[in-house]
Amino acid sequence: MLNASLRELSKQLAEKKLSSVELTSFFLQRIKTLNPNYNAFITTNEEISLAQAAAADKMLAIGKGGALTGIPIAQKDIFCAKGWLTTCGSKMLSNFVSPYDAGVIERFNLAGAVNIGKTNMDEFAMGSSNETSYYGIVKNPWDTKAVPGGSSGGAACAVAARLAPAATGTDTGGSIRQPAALCGISGIKPTYGLVSRYGMIAFASSLDQAGPMAKSVDDLALLLNVMVGFDARDSTSLQRPQEDYTSDLERPLSGLRIGLPKEYFAKGMSPDVESAVDSALAEYRKLGAETVEVALPNASLSIPVYYVLAPAEASSNLSRFDGVRYGYRAQSYSSLTDMYRKSRAEGFGPEVKRRILIGTYVLSQGYYDAYYIKAQKLRRLIAQDFTEAYQQCDVIMGPTTPTVAFNLGEKSTDPIQMYLSDIYTSAANLTGMPAMSIPIGFGDKNRPVGLHIIGNYFKEAQLLNVAHQYQRITDWHLKSAV
Amino acid sequence: MNLSLKDIKHVADLAYIEIDEKQAEATLAQLSNIFSMIETMQSVDTSDIKPMSHSQSVSQRLREDIVTETDQRELFQSIAPQVQEGLYLVPQVIE
């Protein structure tokens, strides 16, 4: 059960060799035993999970099950789930039990999947190490002295430590791909607008996108089939024909053109990461792909642009947390304004406050054009770079992160060093293009390395195909941290 | 970009976040570094570029003007932090 793929688990459930209640109980027990070592979960609710499992078993008994019926899935605590504590990793929402399901949760429920628990995350998804959560740091299961990455660090840890067969994450600047790389698992951020953001607590609305995290690419395709779909309640949700993301997985790669941006290979990458990426590219050449050098001249601006736009949107989105409408309220205050100020000062952690202040500043009178509009213009230039690169190649590859997982506490006092963890990933959020990370080996201190694969809009099936073909001939994704 | 302590306090005031002197000084040091990094944006000429606020070229979707909400009063009452006699208790706002 521990290392089984979703297809294997689904087959066993369909053939009645295993019940969902047994499978769910197995993972609940693992969480109970091992979560104290990792802190990957904020909340579990045995009663709800087992009730969902029993309902799934009934569906399976009458032959109504689908690919994910009865499968336990760990849900990032950014998704509202009816009856579940939904904290977004913040003290601000430490008492918030959601009265409704997010679009993503609804789709998993309809598919008959089991919610095995809510995973830990950086507060309001702001962080690259999972050290900003009000619920404590998450540890990397490959080396508990290292960070798991963030903000979906709890989700990545849960999959890598085999506390759940698969998980959901969200990605605003790399928050699925970066922790996936640092924890040696697979993760994909789909094209912006493909997965509903309804009920997903907003950080930066024009960048946030949900996606799956799992052991293998085949698992990702099955999860994406459930997660992707139009939702009228999300004004940015795209209306497109439903795709089967598993259908192209076996397509041979001969003739595939892989673009290698010279800017991503120039500097900043550590030698161990570079070596693993080179080895992965050699495997792709064996598979019949050719590599071409491409240019992304504005790529180096992704981080500054991101740290104007994301905080600007965050400062607006988080204005709703004022001690009145949601969650935490200060105990003592002298006036209404004082209550707002104290509630927000006590309810938010340092990184969230820092980003709200940056966002408030760049949106303020006199600075709006120089920062916010300037960043929006550069965002277009970055997107144009990618569009031009795709004239010469089908997909773009490079490292997901500049280094392997860093030590706990190593960057937590230096925001800029922390922000640079997402140097290769944030462009895909600014442009809205799909991107993923897959494990390709190990670097310094035997910590995992990820390969970043970026595609053009709506090319998820191609990305999954490219990544799956690599996993057919390698076994990095089968290595287990526990 | 030269941020001052006065700027930090003003922005904190606009953002409704209480901040003391010590926190303001620490924030000033961090934000000054962050804005130095952000300033690298200014090296690129963008005078002819249109701002990009959304990754897809789509227009705002409108829905039918019909009521879709259902009555969930009992549910909301059951999970509200403070209720009394069917009413929600909120802080005093009229002094």
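Residues numbered from 1 in each chain as written. Chains lettered and ligands numbered in written order. Predicted model: local features only at pLDDT ≥ 70, side-chain atom pairs only at ≥ 80, totals over all residues. Heavy atoms only, no water.

A. Examining the sheet that holds strand β8 (residues 290-294) of chain A more closely. All names here are of chain A. Reading across from one edge, β1-β3-β2-β4-β6-β5-β10-β11-β9-β7-β8 is the order of the 11 strands in this open sheet, with mixed pairing throughout. Looking at which strands have only one partner, the edges of the open sheet turn out to be β1 (41-43) and β8. Adjacent strand axes in the sheet meet at a mean angle of 35°, parallel and antiparallel pairs treated alike. Bridging between strand β7 (residues 257-261) and strand β9 (residues 395-399) involves 2 bridges; their strand directions are parallel. (Pairing = 2+ DSSP bridges. Helix = DSSP H or I, 4+ residues; strand = E, 2+ residues; numbered from the N terminus. Axes fitted to C-alpha atoms, helices over the stretch in contact; angles between N-to-C directions.)

B. Structural view of the environment of Ile42(A). Note on placement: Ile42(A) falls in strand β1. Measuring from C-alpha to C-alpha, the distance between Ile42(A) and Leu430(A) comes to 30 Å, with 388 residues separating the pair along the chain.

C. View of the pairing of β8(A). All names here are of chain A. For β7 and β8, the ladder comprises 5 bridges, and the chain directions are parallel. Directly across from Ile258, in β8, lies its bridge partner Thr291. On the question of chirality, the crossover connecting β7 to the parallel β8 by way of helix α8 (residues 271-286) is right-handed. (Right-handed = clockwise from strand over helix to strand, strands pointing away.)

D. The arrangement of the pairing of β9(A) in detail. All names here are of chain A. Burial within β9 is extensive, with 5 of its 5 residues counted as buried. In the sheet, β9 pairs with strand β11 (residues 448-455) via 5 bridges, with the strands oriented antiparallel. Counted as the bridge partner of Val395 is Gly455 from β11. (Buried < 20%, exposed > 50% of the residue type's maximum accessible area, 1.4 Å probe, protein only.)

E. Up close: the pattern of salt bridges. All names here are of chain A. Applying the stated criterion to the full structure yields 24 salt bridges over all chains. Here Glu106 and Arg233 are joined by a salt bridge, their closest N and O atoms 2.7 Å apart. Linking Glu106 in helix α4 (residues 103-110) with Arg233 in the loop between α7 (217-227) and β7, this pair joins segments that are 127 residues apart in sequence. Residue Glu106 is classed as partly exposed on the basis of its relative accessible area, which comes to 31%. On the basis of relative accessibility, which here comes to 41%, the residue Arg233 falls in the partly exposed class. A salt bridge links Glu250 to Arg472, with the shortest nitrogen-to-oxygen separation between them at 3.8 Å. Taken together, the positions of Glu250 in the loop between α7 and β7 and Arg472 in helix α15 (residues 460-473) put the pair 222 residues apart, joining distant regions of the chain. Taken as a pair, Glu250 and Arg472 share a single burial class, namely exposed. Connected via shared salt-bridge partners are Lys11, Glu15 and Lys17. (Salt bridge = Lys/Arg side-chain N within 4 Å of Asp/Glu carboxyl O.)

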